[in-house]
Amino acid sequence: MLEAANAFSGFSVDDLDRAKQFYSETLGLSVSEIPAGLELQLGGGGRVFVYPKPNHEPATFTILNFPVANIDQAVDELTAAGVIFERYDGMEQDDRGIDRGGGGPNIAWFKDPAGNILSVLEA
């Protein structure tokens, strides 16, 4: 029934202007202003709706994952852009925040200005 639907995901933030600046300038995504918020254009044609919520509470899980060919290069570039990578107890993260021993892909987590958790992971 929904196989032809042009689905998209969404999440809230507490400040649209800060979100627009972070996602466009820091992460380099194409960001459009739409009447109800922002639309992020992802590689491969995906879209994500970002909407303002005055009582926003950050997600406690990863809301967006960015697959990259070289995680070391991605972490270096994001760090140079001012992104701070998260550290989690029980994870085998190196000094740069990259988890290389979790049984899955090499991955590193960071937060947007609203506190939502994002990641880069080696594809």
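All residue numbers refer to position in the chain's written sequence, counted from 1. Residue-level local features of this predicted model are given only where pLDDT is at least 70; pairs of side-chain atoms are given and counted only at 80 or more, and the full residue set underlies all totals for whole chains, interfaces and linings. To obtain the side-chain values, all non-hydrogen atoms of the structure were included, while hydrogens and water were left out.

K.L.:
I'm lost on helix H2 (residues 71-80) in this one. Help?
P.N.:
One turn of the α-helix equals 3.6 residues, which is why residues spaced by three or four share an orientation. Under the scheme applied here, a residue whose accessible area is under 20% of the maximum for its type counts as buried, over 50% as exposed, and between as partly exposed, the area being computed with a 1.4 Å probe on protein chains only. Counting from the N terminus, the helices are the DSSP runs of H or I reaching at least four residues and the strands are the DSSP runs of E reaching at least two. Listed as buried for H2 are Ile 71, Ala 74, Val 75 and Leu 78. Buried residues along H2 cover an arc of 95° about the axis, so they all sit on one side. Projecting away from the buried face of H2 at angles above 90 degrees are the exposed residues Glu 77 and Ala 80. Contacts: residue pairs with any heavy atoms within 4.5 Å of one another. Looking at the buried side of H2, the elements it contacts are helix H1 (16-26), strand E5 (62-68), strand E6 (107-111) and strand E7 (117-122). Residues adjacent in sequence count toward polar contacts only when both atoms are side-chain atoms; beyond that, a polar contact is any pair of N or O atoms within 3.5 Å, and within protein one must be able to donate a hydrogen and the other to accept it. Two or three places before Asp 72, at the start of H2, stands the capping residue Asn 70, its side-chain oxygen 3.0 Å from that residue's backbone nitrogen. Arc, as used here, means the arc of the directions from the helix axis to the C-beta atoms.

K.L.:
What is the right way to read the packing of aromatic side chains from this model?
P.N.:
Each aromatic ring pair is summarised here by two numbers: the centre-to-centre distance and the angle between the ring planes. The rule is short: rings of Phe, Tyr and Trp, with Trp giving its six-membered ring, pair when the centres are within 6.5 Å, and they are stacked under 30 degrees, edge-to-face over 60, tilted in between. Across all of its chains, the model carries 6 aromatic pairs by this definition. Ring plane angle 25° and centroid distance 5.5 Å describe the contact between Phe 49 and Tyr 51, whose orientation is recorded as stacked. Judged by relative accessible area, Tyr 51 falls into the partly exposed class, the value being 31%. Plain terms: the ring middles of Tyr 88 and Trp 109 are 5.5 Å apart, the flat faces sit at 85° to each other, and that makes the pair edge-to-face. Residue Tyr 88 is located in the loop between H2 and E6, and its partner Trp 109 is located in strand E6; the two are separated by 21 residues in the primary sequence. Here the aromatic residues Phe 8, Phe 49 and Tyr 51 are joined through ring pairs into a cluster of three or more.

None of the figures reported here should be taken as evidence of function without further support.
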